[in-house]
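Structural description and commentary
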Amino acid sequence: MATIMVIDDEPSIRGLLREVLERSGHKVVEAKDGREALDLYQKHKADLLIMDLLMPEVDGLEATLQLTREYMDTKIIAMTGAQGIGISSISHGSLAPTGLSKNPSI
């Protein structure tokens, strides 16, 4: 199965995602903000990142832009609980609206 990094400043969200992903057989690495995610990604190249956009320190958008500049094949799912954010996907360092895939490959 895949190694998935979950990046969120809310411990309860990280814990919920960890539980669901590990039950599905995935290995999970957690980071509490974008800065920690950037450091961890260099040590643990994850197959997929699930990243909150709004966090303290380095936010998810900045971390996504840095990661995709250095590692262009990085797969990231961006999420947020904030209302009014209308970003569909982030791809190769730019915001790009795309359709959702029912069966994304990891």
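Going by the structure above, here's the rest.
Because the structure is a prediction, the values reported are computed rather than measured.

**Some words on the pairing of strand β3 (residues 48-52)**
Burial analysis of β3 places 5 of its 5 residues in the buried class, which makes it a mostly covered element. Of the two faces of β3, the one lined by Leu-48, Ile-50 and Asp-52 and the one lined by Leu-49 and Met-51 are each fully buried. Pairing between β3 and strand β4 (residues 76-79): 4 bridges, direction parallel. When the sheet's bridge partners are listed, Asp-52 is paired in β4 with Met-79. Note on the crossover from β3 through helix α3 (residues 60-70) to β4: the handedness is right-handed.

**Description of the packing of helix α2 (residues 34-43) against α3**
At a minimum axis distance of 9 Å, the contact between α2 and α3 shows a crossing angle of 20°. By the criterion of interaxial angle, the relationship of α2 to α3 is roughly parallel. Remark: the crossing between α2 and α3 carries right-handed chirality. Here α2 contributes Gly-34, Leu-38 and Tyr-41 to the contact with α3, which in turn contributes Ala-63, Gln-66 and Leu-67. Looking at the contact of α2 with α3 residue by residue, the classes come out as 4 nonpolar, 2 polar and no charged.

**Some words on the sheet that holds strand β2 (residues 27-31)**
Paired through backbone hydrogen bonds, the strands of a sheet run either parallel or antiparallel to each other. Spatial strand order, β2-β1-β3-β4: 4 strands in an open sheet with parallel pairing. On the outer flanks of this sheet lie β2 and β4, each paired with one strand and no other. Each strand of the sheet is rotated relative to its neighbour by a mean of 15°, with strand direction disregarded. Pairing analysis gives 5 bridges linking strand β1 (residues 3-7) to β2, with the strands arranged parallel. Pairing of Thr-3 across the sheet is with Lys-27, part of β2. Packed onto the sheet, helix α1 (residues 11-23) meets β1, β2, β3 and β4 and runs at close to 170° relative to β2.

The rules behind these values
Residues numbered from 1 in each chain as written. Predicted model: local features only at pLDDT ≥ 70, side-chain atom pairs only at ≥ 80, totals over all residues. Heavy atoms only, no water. Buried < 20%, exposed > 50% of the residue type's maximum accessible area, 1.4 Å probe, protein only. Helix = DSSP H or I, 4+ residues; strand = E, 2+ residues; numbered from the N terminus. Pairing = 2+ DSSP bridges. Right-handed = clockwise from strand over helix to strand, strands pointing away. Axes fitted to C-alpha atoms, helices over the stretch in contact; angles between N-to-C directions. Parallel < 35°, antiparallel > 145°, perpendicular 65-115°, else oblique. Left-handed = near helix turned anticlockwise from the far one by under 90°. Contact = heavy atoms within 4.5 Å. Nonpolar A, V, L, I, M, F, W, Y, C, P; charged D, E, K, R; others polar.

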